[in-house]
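Take a look at the letters that make up each chain.
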Amino acid sequence: MTRENASEASSLTYDPNNVFAKVLRGELPSHKIYEDEDTLAFLDILPRAEGHALVITKEKARDLFDVSPQALAKLMAVVQKLSPQIKEAVGGDGVLIAQ
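Cut-off values and rules
Residues numbered from 1 in each chain as written. Predicted model: local features only at pLDDT ≥ 70, side-chain atom pairs only at ≥ 80, totals over all residues. Heavy atoms only, no water. Patch = residues over 30% accessible without salt bridge, like charges linked within 9 Å, V, L, I, M, F, W, Y side chains within 5 Å. Areas by Shrake-Rupley, 256 points an atom, 1.4 Å probe, with all protein chains shown as cover. Salt bridge = Lys/Arg side-chain N within 4 Å of Asp/Glu carboxyl O. Helix = DSSP H or I, 4+ residues; strand = E, 2+ residues; numbered from the N terminus. Pairing = 2+ DSSP bridges. Axes fitted to C-alpha atoms, helices over the stretch in contact; angles between N-to-C directions. Contact = heavy atoms within 4.5 Å. Buried < 20%, exposed > 50% of the residue type's maximum accessible area, 1.4 Å probe, protein only. 1 Å grid on protein atoms, 1.4 Å probe; cavity = no way out; pocket = protein on both sides within 12 Å on 5 of 7 lines; lining within 4 Å. Points joined across faces, edges and corners; volume = space filled by probe spheres on them. Nonpolar A, V, L, I, M, F, W, Y, C, P; charged D, E, K, R; others polar.

Draft legend 1. A look at a nonpolar patch on the surface. Together, Val-19, Phe-20 and Leu-28 give the surface a local cluster of nonpolar side chains, amounting to about 230 Å² of exposed area. By the secondary structure assignment, Phe-20 is in helix α2 (residues 19–24).

Draft legend 2. Focus on the sheet that holds strand β3 (residues 53–57). The three strands are arranged β1-β2-β3 in an open sheet whose pairing can be described as antiparallel. In this open sheet, the two edge strands, each paired with only one partner strand, are β1 (31–35) and β3. Pairwise comparison of adjacent strand axes, ignoring direction, gives a mean angle of 25 degrees for this sheet. Pairing of β1 with strand β2 (residues 39–43) involves four bridges; the strand directions are antiparallel. Looking at the pairing, Tyr-34 lines up with Ala-41 of β2. Seen against the sheet, helix α3 (residues 69–90) touches β1, β2 and β3 and runs at an angle of roughly 160 degrees to β3.

Draft legend 3. Broad picture of the pattern of salt bridges. Tallying each qualifying case throughout the model produces five salt bridges. For the salt bridge of Asp-38 with Lys-74, the shortest nitrogen-to-oxygen distance reads 3.6 Å. One end of the pair, Asp-38, is in the loop between β1 and β2; the other, Lys-74, is in helix α3, with 36 residues separating them in the sequence. Taking the relative accessible area as the measure of exposure, Asp-38 reaches 24% and is therefore partly exposed.

Draft legend 4. Fine view of the environment of Lys-22. One can find Lys-22 in helix α2. Given the relative accessible area of 27%, Lys-22 is considered partly exposed.

Draft legend 5. Molecular detail of the layout of surface pockets. When its volume is computed, the largest pocket comes out at roughly 1400 Å³. Residue lining of the largest pocket: 40 residues in total, with Ala-53, Leu-54, Val-55, Ala-98 and Gln-99 positioned closest to the centre. For the lining of the largest pocket, the element with the most residues is α3, which contributes nine residues. Tallied by class, residues from the lining of the largest pocket come to 23 nonpolar, nine polar and eight charged.

Quick look at the structure:
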């Protein structure tokens, strides 16, 4: 990402009607695999691989750069907890974590 793109991205505001906000509010269906007060994990509707799951924070944030360190730490703890369980369930060789 160039400096110009990064500066452009930082000027964007949170969209309360984004797809993930709608999933959190129950306005869009999802197959939940984990939920607590800070995070939600659910299976992707267009999976790239078996077990493809999304883990999202419930904090309103545009992207990785906008989320608080506290919410990100809670989210990553859930990723660390769920990843080996998903890997075992689908018989995977490993995991890919992406933003």
